Structures are given as structure tokens and as C-alpha cells.
Amino acid sequence: MIETIWTYRAKPERRVEFERRYAADGDWAKLCSRARGYRGTRLLRDAQEPDRYATVDRWESNEPMQQFRSEHAREYEELDRMCSELTVDERQVGIFEVV
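Residues numbered from 1 in each chain as written. Predicted model: local features only at pLDDT ≥ 70, side-chain atom pairs only at ≥ 80, totals over all residues. Heavy atoms only, no water.

### Looking at the pattern of salt bridges
- Throughout the structure, instances matching the rule amount to 13 salt bridges.
- Note that Glu 60 and Arg 39 form a salt bridge whose closest N and O atoms lie 2.6 Å from each other. Of the two residues, Glu 60 is situated in the loop between strand E3 (52-59) and helix H3 (62-71) and Arg 39 in strand E2 (residues 38-45); the sequence distance between them amounts to 21 residues.
- By relative accessible area, Glu 60 is classed as partly exposed at 37%.
- Given the relative accessible area of 46%, Arg 39 is considered partly exposed.
- Put simply, Arg 14, Glu 17, Arg 20, Arg 21 and Asp 27 are held in one network by salt bridges that share partners. (Salt bridge = Lys/Arg side-chain N within 4 Å of Asp/Glu carboxyl O. Helix = DSSP H or I, 4+ residues; strand = E, 2+ residues; numbered from the N terminus. Buried < 20%, exposed > 50% of the residue type's maximum accessible area, 1.4 Å probe, protein only.)

Okay, structure coming up:
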């Protein structure tokens, strides 16, 4: 099992839309759910800085995640472009193996 972790700083006026798109049943999760090996997403909001978020995406292994990115590259890029307007910062923390 691997988990990819991303951090975001949402635009204050776009937080509701950001949460809707990045939630466990949001647009990103719906897109990823087309791939075998996808195991779900968690959206976390910082308890002290409400514009700061993290997502944790769970995958069976790196292979299905990479295959998904390849097979759905156009849709991924389109959604990423739309969602970039919701944030002022976005960073991938890393890809971690569950031990």
C-alpha cells in the first residue's frame, strides 16, 4: 500500500468549492476511482489555519497509480487546471509506503 500526500493553501473565498472537489467523494476521488488499485482519499483541514489542507490518496501500489496517471492524463490535467484556481499553493509532499 502506498499513500500520496499533498498540501494546499485554499483561497479563502473558494474554500467551500475546494472542499467539494477534494473530498473523499469529490471530483478527484471520482476520477481516481476509475483505476484499479485506488483505495480512497482523505481530506484534512488544519485545525489552526482553516485555509490549509492536506490530502492523502491510498493506492494498492505505485504501479496502478502510475498507470492511472498515464491512461487519464488529459482528464487529470484538465481537472488540475480547473482546481488550480482554488488555491494559492499546492505541493506534493511525497509518495509513502505504508509500513
